[in-house]
Amino acid sequence: MTTTAAPLPPLAARARDVGASPVREILALTARPEVISFAGGLPAPELFDAEGLRAAFDAVIAEQPRTALQYATTEGDPALRAAVAGRLAARGLPTGPEDLLVTAGSQQGLALLATTLLEPGDVVLVENPTYLAALQSFGFAGARVVPVPTDEDGVLPDALEELVLRERPKLLYLIPDFQNPTGRTMPAARRLAVAEVAGRHGLWIAEDDPYGELRYEGARGRWIAAHEAAADRTVLLGSFSKVMAPGMRLGWMRAPEALRRACVIAKQAADLHTSGVDQAAAARYLADHDLDAHVARVCGAYRERRDALLAGLPGALPEGSRWNRPEGGMFVWVRLPDGFDATERLRTAITYDVAYVPGAPFFAAAPDPATLRMSFTTHTPEEIAEGLRRLAPAFG
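Analysis parameters
- Residues numbered from 1 in each chain as written.
- Predicted model: local features only at pLDDT ≥ 70, side-chain atom pairs only at ≥ 80, totals over all residues.
- Heavy atoms only, no water.
- Pairing = 2+ DSSP bridges.
- Helix = DSSP H or I, 4+ residues; strand = E, 2+ residues; numbered from the N terminus.
- Axes fitted to C-alpha atoms, helices over the stretch in contact; angles between N-to-C directions.
- Salt bridge = Lys/Arg side-chain N within 4 Å of Asp/Glu carboxyl O.
- Buried < 20%, exposed > 50% of the residue type's maximum accessible area, 1.4 Å probe, protein only.
- Phe/Tyr/Trp six-rings, centres within 6.5 Å; stacked < 30°, edge-to-face > 60°.
- Lys NZ or Arg CZ within 6 Å of the ring centre and 35° of its normal.
- Expected span 1.5 Å × (residues − 1).
- Contact = heavy atoms within 4.5 Å.
- Left-handed = near helix turned anticlockwise from the far one by under 90°.
- Core = buried A, V, L, I, M, F, W, Y, C linked by side-chain atoms within 4.5 Å.

Caption draft 1: Examining the sheet that holds strand β15 (residues 371-375) more closely. Read across the open sheet, the four strands follow the order β11-β12-β15-β14; overall the sheet is antiparallel. Across the chains shown, the open sheet's two edge strands, defined by having one partner strand only, are β11 (322-323) and β14 (357-358).

Caption draft 2: The arrangement of the sheet that holds strand β9 (residues 234-239) in detail. Ordered by their spatial adjacency, seven strands build an open sheet running β2-β10-β9-β8-β7-β3-β4, and the pairing between neighbours is mixed. Two strands close off the open sheet at either side, each with one partner strand: β2 (100-103) and β4 (144-148). Between one strand and the next, the sheet's axes are offset by a mean angle of 20 degrees, whatever the strand orientation.

Caption draft 3: Up close: the pattern of salt bridges. Counted according to the given criterion, the structure contains 28 salt bridges. Residues R32 and E34 are paired through a salt bridge, measuring 2.8 Å at the closest nitrogen-oxygen approach. Taking the relative accessible area as the measure of exposure, R32 reaches 32% and is therefore partly exposed. Overall, E34 belongs to the partly exposed group, its relative accessible area being 37%.

Caption draft 4: Geometry of the pairing of strand β10 (residues 251-254). Neither face of β10 is open: one carries G251 and M253, the other W252 and R254, and all of them are buried. Of the pairings in the sheet, the one linking β2 to β10 comprises four bridges and is antiparallel in character. Considered in β10, the bridge of V102 is made with W252.

Caption draft 5: Spatial organisation of unusual backbone geometry. Of note, the bond from N128 into P129 is cis; its omega dihedral lies within 30 degrees of zero at 5 degrees. Within the fold, P129 resides in the loop between β3 (123-127) and α7 (132-140). Of note, the bond from N180 into P181 is cis; its omega dihedral lies within 30 degrees of zero at 20 degrees. Residue placement: P181 occurs in the loop between β7 (171-174) and α9 (188-201). Positive phi, normally seen in glycine, also occurs at F178, with a value near 55 degrees. Looking at the secondary structure, you find F178 in the loop between β7 and α9. Backbone geometry at D353 places phi at a positive 60 degrees, although glycine is not the residue there. Relative to the assigned elements, D353 resides in the loop between α13 (342-351) and β13 (354-355).

Caption draft 6: Spotlight on the packing of aromatic side chains. Scanning the entire structure with this criterion turns up seven aromatic pairs. Plain terms: the ring middles of Y356 and F395 are 6.1 Å apart, the flat faces sit at 25 degrees to each other, and that makes the pair stacked. Of this pair, Y356 sits in the loop between β13 and β14 while F395 sits in the segment after α14 (381-391), and the two are 39 residues apart along the sequence. You can call Y356 buried: its relative accessible area is 0%. F395 gets classed as buried once you look at its relative accessible area, which sits at 7%. In this structure an aromatic cluster arises from ring pairing among W333, F362 and F363. A cation over a ring is seen here: R91 above W223, with NZ or CZ 3.8 Å from the ring centre.

Caption draft 7: Molecular detail of helix α11 (residues 276-288). Compared with an ideal rise of 1.5 Å per residue, which puts 13 residues at 18 Å, α11 spans 18 Å between its outermost C-alpha atoms and is within 8% of the ideal. Here α11 lies mainly inside the structure; ten of its 13 residues are buried. Within the sequence span of α11, burial applies to G276, V277, D278, Q279, A280, A281, A282, A283, Y285 and L286. Its buried side turned inward, α11 meets α3 (50-63), α4 (65-68), α5 (78-90), β2 and α12 (291-316).

Caption draft 8: Structural view of the environment of E161. By secondary structure assignment, the location of E161 is in helix α8 (residues 157-167). E161 sits 169 residues away from M330 along the chain, and the two C-alpha atoms are 30 Å apart. For E161, the contacting residues outside a window of four places in its chain are V197, R200 and H201.

Caption draft 9: Representation of the side chain of T185 within the structure. In this structure, T185 sits in the loop between β7 and α9. Not counting chain neighbours up to four residues away, the residues in contact with T185 comprise D153, P176, D177, F178, R191 and R215.

Caption draft 10: Expanded view of the packing of α3 against α11. Across the interface, α3 lies against α11 with an axial gap of 8 Å and an inter-helix angle of 115 degrees. Crossing of α3 against α11: the hand is right-handed. Contact with α3, carried on its side by G52, L53, A56, F57, A59, V60, I61 and E63, involves V277, D278, A280, A281, R284 and Y285 of α11 and no other residues of that element.

Caption draft 11: Layout of the nonpolar core. With 93 residues, the main nonpolar core has F138, F240, M374 and L391 as its most contacted residues. In contact with F240, not counting residues within four places along its chain, are L80, V84, A245, L250, W252, L286 and L291. Within the second largest apolar cluster, 19 residues are counted, among which are L125, V155, I224 and A230.

Written out as structure tokens, the structure reads:
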């Protein structure tokens, strides 16, 4: 007897409603080796300290295989947490190993925060535009994402306070240093004002800092987490992806105890713990090598690449375009003249074997179609110059 198979139950609404990352899809389209891509926010692979990392992996596997290759605690490798705590304390943020949770990149930290803090319908405030994968994480949690008006220095404190009073958000998500996608940095006075708004009105702050060590000029700013007004309500997220190697998928979360404990439990449900051998190797690398010296070398190369991009933009973009000059990070934010659609022009750019990321998907609301993001880290100054020569006809 022939039977007809019953249809399967549908995917959860959160899986149906949250779209794929447009950046990841663009990267797939531009994977051809002949394409010069300004699209991906990728570290330069030729600058990885592969020799030093290999020595670290060799050492931990030779000397401590039974622990490095075994299951580990969810909180993370004690030596790695101690090393991260020491680096934070040296920058003026008193931190002990017990204050930290090691994550699979800072991206997992965002997912854990969304899991532990957000109920469907909760309001999350974000910069506009903001990091795409953060919008995905909050979308999966069913949150309502509300953009805060911004200027070249980040969120406007008065507008933030007005939205906090009106929307009663649970979380404010920020990237104060070399923001993705705009590359802008929030000044000290603005950080203090944001901390005070959170202190007065009672909301969590997620301070994402994946790019902060990639500074090419100017003085380092103080973390929002270091301000007394927000110390008990700020989660600081960091990553080794931009300064060591993204393939290791190592990040960390510094959070108040009750929230950190909830994130530990959520992580136990997600993956038990971050790769033990990668953590052990990272701790060994930090013990045996000077990460700051390595970062200084990387920053020297990236500074040249940023300058090459900035020098070539006037000849590549249409008259009337505007862009910023980031003090560090990976990105330059561009606005084309009114009437240009960066998404539409990308289709033409790809035919010239060059690519960028349109800015529209980074907006939580009211996207600006004339914006685009350009990353300068992956290519040499000579390749950047050639990429800009290819780009110019796309806007002709």
